[in-house]
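The primary structure of each chain is shown beneath.
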Amino acid sequence: MLRMAACGIPWTVLPKRMVARAWAKSQLEPRMRLLRRLPSAGLLLLVTVIVVLMLQSLLPAFAAYWTGAFVGSVTRAEGGGWLPLALLGTSMVAGHLLDASGSALRFLATRRIDGAQRAELTGLGSQIIDLTRLEDPATLDDMALASARPSADWLERTPGQAAVAQLRLMFRVVQAVACCVLIGRICWWLVPLLLIAVQVTRVIYTRNVRSVVRLWTTGMGLRRRAEYWYSQILDVGIAKEIRVLGLAGWISQHWRGNLLEHLQPVWRRSSELARRQWLTFLALAVTAVVAMAAVGLTARREQLAPGDIAEVLTALIALLMLATADDDTVLVQQGTPPVDALYRLRARLCGPNRTPPSAEPTPQQAPPRIAFEDVASATPAATGRSSTAVR
């Protein structure tokens, strides 16, 4: 269906059910695949991570509420301002503690999920019967992706990192809802404008990251060939022959050519997107100015208390922070290809076309006879002085 639309068929001609199904497959299915990896972390650890993320998502709204209460008590010259201040300080200390403990818990969950993926990949590889399918270039590329062992490349992350990051992104919705509740108490009509601006900014940022990652994953064949040439240069067993035959420069040229052919499109696309960042910044800045001006006009017209103004502005800033670039979106997009590669390997190696084991032994064929006649070789260092001939 997406192919039909790309060929010029209008979306209005396509049934709405097909459009919804295609959207769900392209947007929701990769996220669901990541979430299905979470049980590999263990039930107790997963529940603990969820509780920590829930508390972290509610802390910004909690801090905004007690900030407003503290400002209100100070401006009213009441003597009970110490309680809101104590609760505000408690929320800040709790935030630091949750950040520290959450990082360790997420690291442990990431390692468990990555280990489960590697174990499944090892199981798939050990069950392969037809070696021709195992040595297929597409299979080798998918196995390199699904191994959950990122190289030094900055565009590859593990499935565990992506799954935990996807879980964190889901709890950002809770943070957005909590902040919108506080903003809606004063300026309810401002909530839809803020949500639209935040969502549009995040969609643009996600698509930009996804476009870079797709360029990188489509060049896995080039990366595999580059790694092969690189291993030939560093392999101890053939280092002597490479030096004697004068092949070091030739092999280095092939390694560099494949590596640049893989990464140059990624670099160009990244530079393009970097030059366009001012568009999202401008949209977000205009939204922030309009929102704060609206809060100021509403406060002036309705004679709002300073505490209410402080509460709304703090919640507004916390909500707009969700629209900024974050590592979780990058981790999700860069960690999705290994999970997709594992699903492709499941379909390719465990599908109905898998070659069954033969009950009868295959008759052995006589090996072909190879003969060398009038073949001569000479090393560059020995050219003009000696040569070796095989006849």
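Within each chain, residue numbers correspond to sequence positions counted from 1 in written order. Residue-level local features of this predicted model are given only where pLDDT is at least 70; pairs of side-chain atoms are given and counted only at 80 or more, and the full residue set underlies all totals for whole chains, interfaces and linings. The basis for every side-chain value is the complete set of heavy atoms in the structure, and neither hydrogens nor water enter the calculation.

**Some remarks on the overall build of the protein**
Assigned secondary structure in the protein consists of 14 helices and two strands. Relative to its 391 residues, the protein shows a buried fraction of 37%. Whether two residues are in contact is decided by their heavy atoms: any pair within 4.5 Å suffices. Within the protein, counting contacts between residues at least 6 apart in sequence, those at least 24 apart form 81% of the total. Within the structure as shown, the protein displays about 23600 Å² of accessible surface, and the carbon and sulfur contribution to it stands at 64%. Strands here are runs of E lasting at least two residues and helices are runs of H or I lasting at least four, both read from the DSSP assignment and numbered beginning at the N terminus. Partly exposed describes any residue whose relative accessible area lies between the buried limit of under 20% and the exposed limit of over 50%, with all areas from a 1.4 Å probe on protein chains only and scaled to the type maximum. Surface accessibility in these figures is a Shrake-Rupley result with a 1.4 Å probe; residues are shielded only by whichever protein chains are displayed.

**Quick notes on the confidence of the model for the protein**
Summarising the model, the protein shows a mean pLDDT of 80, and 80% of its residues fall at 70 or more. Every residue carries a pLDDT, the predictor's confidence in it, which falls somewhere between 0 and 100. Across the protein, the secondary-structure element scoring lowest on mean pLDDT is strand S2 (residues 388-390), at 43, and the one scoring highest is helix H7 (residues 159-184), at 91. Below pLDDT 50 for its whole length, residues 355-361 participates in five contacts with residues either more than four positions away or in separate chains.

**Observations concerning the environment of serine 147**
Relative to the helices and strands, serine 147 is located in the loop between helix H6 (137-146) and H7. Look at serine 147 and you get buried, because its relative accessible area is 17%. For the pair formed by serine 147 and aspartate 114, sequence separation is 33 residues and the distance between their alpha carbons is 8.5 Å.

**Quick word on the nonpolar core**
Counting 29 residues, the largest nonpolar core has Ile183, Leu190, Leu194, Ala315, Leu316, Leu319 and Leu320 as the members making the most contacts within it. Broken down by secondary-structure element, the contributors of at least two residues to this core are helix H3 (43-75), H7, helix H8 (190-218), helix H12 (277-302) and helix H13 (306-320). Not counting chain neighbours up to four residues away, the residues in contact with leucine 194 comprise Ile183, Thr287, Ala291, Leu316, Leu319 and Leu320. The definition of a nonpolar core used throughout is a set of buried Ala, Val, Leu, Ile, Met, Phe, Trp, Tyr and Cys residues joined through side-chain atoms within 4.5 Å. One finds Trp216, Leu263, Val266 and Leu273 within the second-largest nonpolar core, a separate group that totals 14 residues.

**Observations concerning helix H14 (residues 327-349)**
With 23 residues, H14 should cover 33 Å at 1.5 Å per step; its first-to-last C-alpha distance of 34 Å lies within 8% of that length. Here the bend at a residue is taken as the angle between two axes, fitted respectively to the seven residues that end there and the seven that start there. The largest bend in H14 comes to about 30 degrees, at threonine 336, with the proline proline 337 one to four residues further on. Burial within H14 is extensive, with 18 of its 23 residues counted as buried. An expected span of 1.5 Å times one less than the residue number is assigned to each helix.

**Here's the deal with the packing of aromatic side chains**
The pairing test for Phe, Tyr and Trp rings, Trp by its six-membered ring, is centres within 6.5 Å, and the orientation test on the planes gives stacked under 30 degrees, edge-to-face over 60, and tilted for anything in between. In the structure shown here, the tally under the stated rule is five aromatic pairs. With a centroid separation of 5.1 Å and an interplanar angle of 80 degrees, the aromatic rings of tyrosine 65 and tryptophan 66 are classed as edge-to-face. When its relative accessible area of 18% is taken as the criterion, tryptophan 66 is described as buried. Ring centres of tyrosine 228 and tryptophan 229 lie 5.4 Å apart, and the angle between their planes is 65 degrees; this geometry places the pair in the edge-to-face category.

**Considerations on H13**
Relative to the 21 Å expected for 15 residues at 1.5 Å per residue, H13 spans 21 Å between its end C-alpha atoms, a close match to the ideal helical length. When we look at burial in H13, the residues that qualify are Gly307, Ala310, Glu311, Val312, Ala315, Leu316, Ala318, Leu319 and Leu320. Buried residues along H13 sit in contact with H3, H7, H8 and H12.

**Focus on the packing of H3 against helix H4 (residues 82-126)**
Fitted lines through C-alpha atoms give the axes, limited to the stretch in contact for helices. The angle between two N-to-C directions lies from 0 to 180 degrees. Running from amino to carboxyl end, H3 crosses H4 at an angle of 160 degrees, the nearest separation of the two axes being 8 Å. With respect to H4, the axis of H3 lies roughly antiparallel. As for the relative orientation of H3 and H4, their crossing is left-handed in sense. Each residue receives one of three labels: charged for Asp, Glu, Lys and Arg, nonpolar for Ala, Val, Leu, Ile, Met, Phe, Trp, Tyr, Cys and Pro, and polar for the others, Gly being one of them. Each residue belonging to the contact of H3 with H4 can be placed in one class, and the counts come to 20 nonpolar, seven polar and three charged. Between 65 and 115 degrees an angle is taken as roughly perpendicular, under 35 as roughly parallel, over 145 as roughly antiparallel, and anywhere else as oblique. By definition, any crossing whose near helix is turned counterclockwise from its far helix by less than a right angle is left-handed, and any crossing with a clockwise turn is right-handed.

**Let's talk about a nonpolar patch on the surface**
Within the patch definition used here, like charges are joined within 9 Å and nonpolar side chains (Val, Leu, Ile, Met, Phe, Trp, Tyr) within 5 Å, considering only residues with over 30% relative accessible area and no salt bridge. We count a salt bridge whenever a side-chain nitrogen from Lys or Arg sits within 4 Å of a carboxyl oxygen from Asp or Glu. On the surface, Leu193, Trp278, Leu279, Leu282, Val286 and Val290 cluster together into a nonpolar patch covering about 550 Å² of accessible area. Element by element, the count of residues in the nonpolar patch is highest for H12, at five residues. Note on placement: tryptophan 278 falls in helix H12.

**What to know about the state of the cysteines**
Throughout, a disulfide means two cysteine sulfur atoms within 2.5 Å of one another. Tallied over the entire structure, the rule returns zero disulfides. The cysteine cysteine 180 is free of any disulfide, with cysteine 179 supplying the nearest cysteine sulfur at 7.0 Å. Accessibility expressed as a relative area gives 11% for cysteine 180, which makes it buried.

**Thoughts on the packing of H6 against helix H9 (residues 220-234)**
Their axes nearest at 10 Å, the elements H6 and H9 cross at an angle of 85 degrees. Taken together, H6 and H9 sit at an angle that is classed as roughly perpendicular. Two secondary-structure elements touch here, H6 through Pro137, Leu140, Asp141, Ala144 and Leu145 and H9 through Met220, Gly221 and Arg224. Its residues assigned to classes, the contact of H6 with H9 comprises five nonpolar, one polar and two charged.

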